[in-house]
Amino acid sequence: MSTNTQDEHRLVERLVAGDRAAFEQLYRKNNAAMVRMCTGFVRNHATAEELVQETWIAVLKNIGSFEGRSSLAGWIYTILLNKARSRLKRDGRQVSFDESGEDNGLQAAFDGRGRWKDIPELWEELTPERVVAGRSVLEHVNAAIEALPSAQRAVLILRGQQGMDAAEVCAILNINEGNMRVLLHRARLALRIALDRLQ
Amino acid sequence: MLSCKDVTERASDLIDGNLSAWDVLQMRLHLAMCKGCDAFIGQLRMTRDVTRSVAEAETRQSADAADIEAILCQLHESKQGDG
Ligand SMILES: [Zn+2]
């Protein structure tokens, strides 16, 4: 058993025992990401918040039957996505899983022979530390994530932020790995443009 | 020989370690000679790292106690409803 799996096993045991601090830890790591991802699918922030809250209740209610066949996060996001699907179905809609947003800032970047027209420059000012230190940078990045099409947004959050296994991300979103990589790449290209504006 | 456009299309696969040894070599050859692509790869790496740190920063922010209270309250009610 890896350290990660052991940690998760312990966390699950604490959740089963009704340990509030364990729930807070889980909530802090995932809640904002869940709302952000779900808003992409249901196109409404208040509905997303409501569904995420229902998901948390379902998680705590059913944690005793969690068997560890997926990761805990994988299980939680699957519950969330199922809730989003049934809510939308009830309302006669479908989960919006669009992949548009082709304009990634590179459409007109190259000449006929595939060479840069304007050569990119190194970012001297930007570091992950500066992002964490400055609230405005953090909000800028979050706004850029919220502007992504839903499929790109979901992959960026699950794979690029929560660090979930590629196979698990694919299973949750029902996409193949090649598709997932393309979505992650497109999402990064869009965020790169947003970060470039900070320079 | 890869064009700059080819390099940008494979950039995430390079920084995520998804390319074959041969493809990595082709990329490195291009990057050694092309300042623009080299800077682009640096920007994409930074984008990847910044995206992760944003999530980590959010995790460190304290959770809204009222929200957690509301969830636990509803959980309690729904359990009573079941029983
Ligand atoms: Zn180049």
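The structure reproduced in this document is the subject of the present report. Every value quoted in this text rests on a predicted model; they were computed, and no experiment measured them.

1. Here we look at the packing of helix α9 (residues 177-196) of chain A against helix α4 (residues 35-60) of chain B
Okay, so step 1: Axis separation between α9 of chain A and α4 of chain B bottoms out at 9 Å; the angle between their running directions is 95°. Accordingly, the angle class assigned to the pair α9 of chain A and α4 of chain B is roughly perpendicular. In this structure, α9 of chain A contributes H185, R188, L189, L191, R192, L195 and D196 of chain A to the contact, and α4 of chain B contributes F40, Q43, L44, T47, R48, V50 and T51 of chain B.
Okay, so step 2: Considering only residue class, the contact of α9 of chain A with α4 of chain B consists of six nonpolar, four polar and four charged.

2. Section: the coordination of the zinc ion
Ideal geometry at a metal centre gives angles of 109.5 degrees when four donors are arranged tetrahedrally and 90 or 180 degrees when six donors are arranged octahedrally.
Residue and element names in this part refer to chain B.
Okay, so step 1: Those donors, C4 (SG), H30 (NE2), C34 (SG) and C37 (SG), are the protein atoms that reach the zinc ion, and they lie 2.0 to 2.4 Å from it.
Okay, so step 2: Donor residues for the zinc ion sit on one chain with the sequence pattern C-x25-H-x3-C-x2-C. Placement of C4 in helix α1 (residues 4-9) and of C34 in the loop between α3 (21-33) and α4 is noted, with a sequence separation of 30 residues between them.
Okay, so step 3: Relative accessible area serves as the criterion here: at 13%, C34 is assigned to the buried category.

3. Side note on the packing of aromatic side chains
Residues and elements named next belong to chain A.
Okay, so step 1: For the structure shown, the criterion picks out six aromatic pairs over all chains.
Okay, so step 2: Relative to W56, the ring of Y27 has its centre 5.7 Å away and its plane inclined at 35°; by these criteria the two rings are tilted. Taken together, the positions of Y27 in helix α2 (residues 20-42) and W56 in helix α3 (residues 45-62) put the pair 29 residues apart, joining distant regions of the chain. Grouping residues by exposure puts Y27 and W56 together as buried.
Okay, so step 3: Arranged with centres 4.7 Å apart and planes meeting at 45°, the rings of F110 and W116 form a pair that is tilted. W116 shares its class with F110; the two are buried.

4. Comments concerning the interface of chain A and chain B
Okay, so step 1: Counting residues at the interface gives 46 residues for chain A, matched by 46 residues for chain B.
Okay, so step 2: When chain A packs against chain B, close to 4,000 Å² is buried across both sides, 66% of that on carbon and sulfur atoms.
Okay, so step 3: Put simply, chain A and chain B have three salt bridges between them.
Okay, so step 4: E58 of chain B is the partner of R36 of chain A in a salt bridge, and the nearest nitrogen-oxygen pair spans 2.8 Å.
Okay, so step 5: At the junction of chain A and chain B, the tally comes to 15 residue pairs in polar contact (both at pLDDT 80 or more).

So, how was this worked out
- Residues numbered from 1 in each chain as written.
- Chains lettered and ligands numbered in written order.
- Predicted model: local features only at pLDDT ≥ 70, side-chain atom pairs only at ≥ 80, totals over all residues.
- Heavy atoms only, no water.
- Axes fitted to C-alpha atoms, helices over the stretch in contact; angles between N-to-C directions.
- Helix = DSSP H or I, 4+ residues; strand = E, 2+ residues; numbered from the N terminus.
- Parallel < 35°, antiparallel > 145°, perpendicular 65-115°, else oblique.
- Contact = heavy atoms within 4.5 Å.
- Nonpolar A, V, L, I, M, F, W, Y, C, P; charged D, E, K, R; others polar.
- Donors = N, O, S within 2.8 Å, 3.2 Å for Na, K, Ca; no water.
- Buried < 20%, exposed > 50% of the residue type's maximum accessible area, 1.4 Å probe, protein only.
- Phe/Tyr/Trp six-rings, centres within 6.5 Å; stacked < 30°, edge-to-face > 60°.
- Buried area = accessible area lost by both parts, 1.4 Å probe.
- Salt bridge = Lys/Arg side-chain N within 4 Å of Asp/Glu carboxyl O.
- Polar contact = N/O pair within 3.5 Å; in protein donor to acceptor, adjacent residues only side chain to side chain.

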